[in-house]
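Below are the chains, spelled out letter by letter.
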Amino acid sequence: MNRKGSIQQIYTLICYLIAMTVCFVLTFLLEAIYRAEQIGDAAYIYGCYLVPQISYLGVLTVFAVIRKMPAGEFFRLKNVKPLPYAFTVLIAIGLFFFALLPNYYLGKAISMSGSSSTVLLPPLGNAGERFLTVLIVCILPAIGEEMMFRKMFCEGMEGNNEWVIVVLGGLFFSLSHLNLAQTVHQFFLGSVLCFLYVRTKNITLTMIVHFLNNLLAIFLERWTKGVVDWNSPVVLGVTLAVGAILLATGLALTMKKTNAVKRNGGKVEAYTVILLAILGVMWTITVTAGFNS
């Protein structure tokens, strides 16, 4: 995409680097404030979820202003029809249920390995905390991360084979979390979201999948407490089968109603590969530190 105001691969990588740098600085300040006991556990957890989204959305807003990109260009939607949204719900629920069993045994393996890697869960004790959780943990990531990892990344990689974009997008999204406990699920989630965006060019579809994924991750066990035992191998086996059917159906329908994106003169630049390698090293360092803590 070479027209003025367009998203190019170099812009994608620059925005990502700046956003990650801002995120690291803000996270360092948050850690310092927390260790000084100036904020409580709840505020710290909310801050951990909020900082990346502030970084992504802040950098992308500045990018849009500098590039003089009109809202219609940066937030343009295509395929705004009811049917794709129905496919999206199938994909979201299917992917989440399909991942429950692998995530359960991955968590067991991580626990047995002695790693301290875990996912911080926000408090849900009262209506105010549940509202903040939906806003900060479910809605904002569905906006900020989709704009960075799907809108910016996928359009910046435009011209490459769609499966190259899907795999690289999944890797960037997964490794960026720097968390062993989230790595596998985030790779498949990121890959599916990249595929959905590449095929539809409709960012609201991926936002819905992302929102539903986070919402189910936080509230499903609470909603079904006393009714479903999510540690039961039988239950997890059933959800795996049901999830596989729903996910496959949603993806198949999406593929049937959209056209494959063929390579059109694009290539993965060397700086993209280098950045991915650096991100992999950072992920390895973080994971290793988790085993030593």
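Peer 1: Outline the pattern of salt bridges, supporting the account with residue identities and numerical values.
Peer 2: Considering all chains together, one arrives at five salt bridges under this definition. Residues K151 and E155 are paired through a salt bridge, measuring 3.1 Å at the closest nitrogen-oxygen approach. With K151 and E155 both in helix α5 (residues 127-156) and four residues apart, the pair spans about one turn of that helix. Across the pair, E155 and K151 agree in class, each one buried.

Peer 1: Give a detailed account of the packing of helix α1 (residues 9-35) against helix α2 (residues 41-66), specifying residues and quantitative values.
Peer 2: Between α1 and α2, the shortest axis-to-axis distance is 9 Å and the interhelical angle comes to 155°. One finds that α1 runs roughly antiparallel with respect to α2. Of the two elements, α1 crosses α2, and the hand of that crossing is right-handed. Contacts between α1 and α2 involve Y11, C15, I18, A19, M20, V22, C23, L26, T27, L30, E31 and Y34 from the first element and D41, Y44, G47, C48, V51, P52, I54, S55, Y56, V59, L60 and F63 from the second. Residue composition of the contact of α1 with α2, grouped by class: 19 nonpolar, three polar and two charged.

Peer 1: I'd like to hear about helix α6 (residues 162-176), residue by residue, with values.
Peer 2: Counted at 1.5 Å a residue, the expected span for α6 with its 15 residues is 21 Å, and the 21 Å between its end C-alpha atoms agrees. Burial within α6 is extensive, with 11 of its 15 residues counted as buried. Buried residues of α6: E162, I165, V166, L168, G169, G170, F172, F173, S174, L175 and S176, and no others. Where α6 begins, one side-chain oxygen reaches toward the backbone nitrogen of W163, 2.8 Å away; that side chain belongs to N161. Where α6 ends, the next residue or the one after it, L178, has phi of about 50°, a positive value.

Peer 1: Quick one: what's the story with the nonpolar core, residue by residue and with numbers?
Peer 2: Counting residues in hydrophobic clusters, the biggest one holds 49 residues, and the most contacted among them are C15, Y16, M148, M152 and F172. Listing elements by their share of this core, those giving two or more residues are α1, α2, α4 (82-113), α5, α6, α7 (180-200), α8 (203-223) and α10 (270-292). Considering each element in turn, this core owes the most residues, nine residues, to α7. If you look at the next biggest cluster of nonpolar residues, it comprises 10 residues, including Y46, L124, I136 and C138.

Peer 1: Explain the side chain of Q186 to me, and be specific about the residues and the numbers.
Peer 2: The residue Q186 is located in helix α7 in this model. Reaching out from Q186, the side chain makes a polar contact with the side chain of H177 at a distance of 3.2 Å.

Peer 1: Any details on the side chain of R150? Residues and values, ideally.
Peer 2: In this structure, R150 sits in helix α5. For R150, a relative accessible area of 0% translates into the label buried. Engagement of the side chain of R150 in a polar contact is seen with the side chain of E146, the distance being 2.7 Å.

Peer 1: Help me get a handle on the packing of α4 against α8, residues and values and all.
Peer 2: When two helices pack together, their arrangement is given by the angle between the helix axes and the distance between those axes. Running from N to C, α4 and α8 point in directions that differ by 35°, and their axes come no closer than 9 Å. The handedness of the crossing between α4 and α8 is right-handed. In this structure, α4 uses P84, Y85, T88, A92, F96 and F97 to contact α8, whose residues at the interface are T204, L205, I208, V209, L212, N213, L216, A217 and L220. Here the contact of α4 with α8 is built from residues that sort into 12 nonpolar, three polar and no charged.

Peer 1: Go over α7, please, and point to the residues and values.
Peer 2: Compared with the 30 Å implied by 1.5 Å per residue over 21 residues, the 31 Å span of α7 between its first and last C-alpha is a close match. Among the 21 residues that make up α7, 16 are buried, leaving the element largely enclosed by the rest of the structure. Two to three positions downstream of the cap, the backbone nitrogen of A181 sits 2.9 Å from a side-chain oxygen, assigning the N-cap of α7 to N179. In the segment just after α7, K201 is the residue with positive phi, at about 55°.

Peer 1: Would you mind going over a nonpolar patch on the surface in detail, with residue names and values included?
Peer 2: A cluster of nonpolar side chains, namely I10, I14, I18, V22 and Y271, defines an oily patch on the protein surface of about 370 Å² accessible area. In terms of residue count, α1 provides more of the nonpolar patch than any other element does, four residues in total. In this fold, I10 is placed in helix α1.

Peer 1: Kindly report on the confidence of the model for the chain, identifying the contributing residues and their values.
Peer 2: In this model, the chain carries an average pLDDT of 89, and 94% of its residues clear a pLDDT of 70 or more. For residues 1-5, every residue scores under 50 in pLDDT, and the model assigns this stretch 14 contacts once sequence neighbours within four places are set aside.

Peer 1: Quick one: what's the story with the state of the cysteines, residue by residue and with numbers?
Peer 2: Under the defined criterion, the tally for this structure stands at zero disulfides. Cysteine C154 shares no disulfide, and the gap to the nearest cysteine sulfur, in C194, comes to 3.8 Å. Of the residues examined, C154 reaches a relative accessible area of 4% and is grouped as buried. The exposure class assigned to C194 is buried, which follows from its relative accessible area of 0%.

Parameters at a glance
- Residues numbered from 1 in each chain as written.
- Predicted model: local features only at pLDDT ≥ 70, side-chain atom pairs only at ≥ 80, totals over all residues.
- Heavy atoms only, no water.
- Salt bridge = Lys/Arg side-chain N within 4 Å of Asp/Glu carboxyl O.
- Helix = DSSP H or I, 4+ residues; strand = E, 2+ residues; numbered from the N terminus.
- Buried < 20%, exposed > 50% of the residue type's maximum accessible area, 1.4 Å probe, protein only.
- Axes fitted to C-alpha atoms, helices over the stretch in contact; angles between N-to-C directions.
- Parallel < 35°, antiparallel > 145°, perpendicular 65-115°, else oblique.
- Left-handed = near helix turned anticlockwise from the far one by under 90°.
- Contact = heavy atoms within 4.5 Å.
- Nonpolar A, V, L, I, M, F, W, Y, C, P; charged D, E, K, R; others polar.
- Expected span 1.5 Å × (residues − 1).
- Polar contact = N/O pair within 3.5 Å; in protein donor to acceptor, adjacent residues only side chain to side chain.
- Core = buried A, V, L, I, M, F, W, Y, C linked by side-chain atoms within 4.5 Å.
- Patch = residues over 30% accessible without salt bridge, like charges linked within 9 Å, V, L, I, M, F, W, Y side chains within 5 Å.
- Areas by Shrake-Rupley, 256 points an atom, 1.4 Å probe, with all protein chains shown as cover.
- pLDDT = per-residue confidence, 0-100.
- Disulfide = S-S within 2.5 Å.

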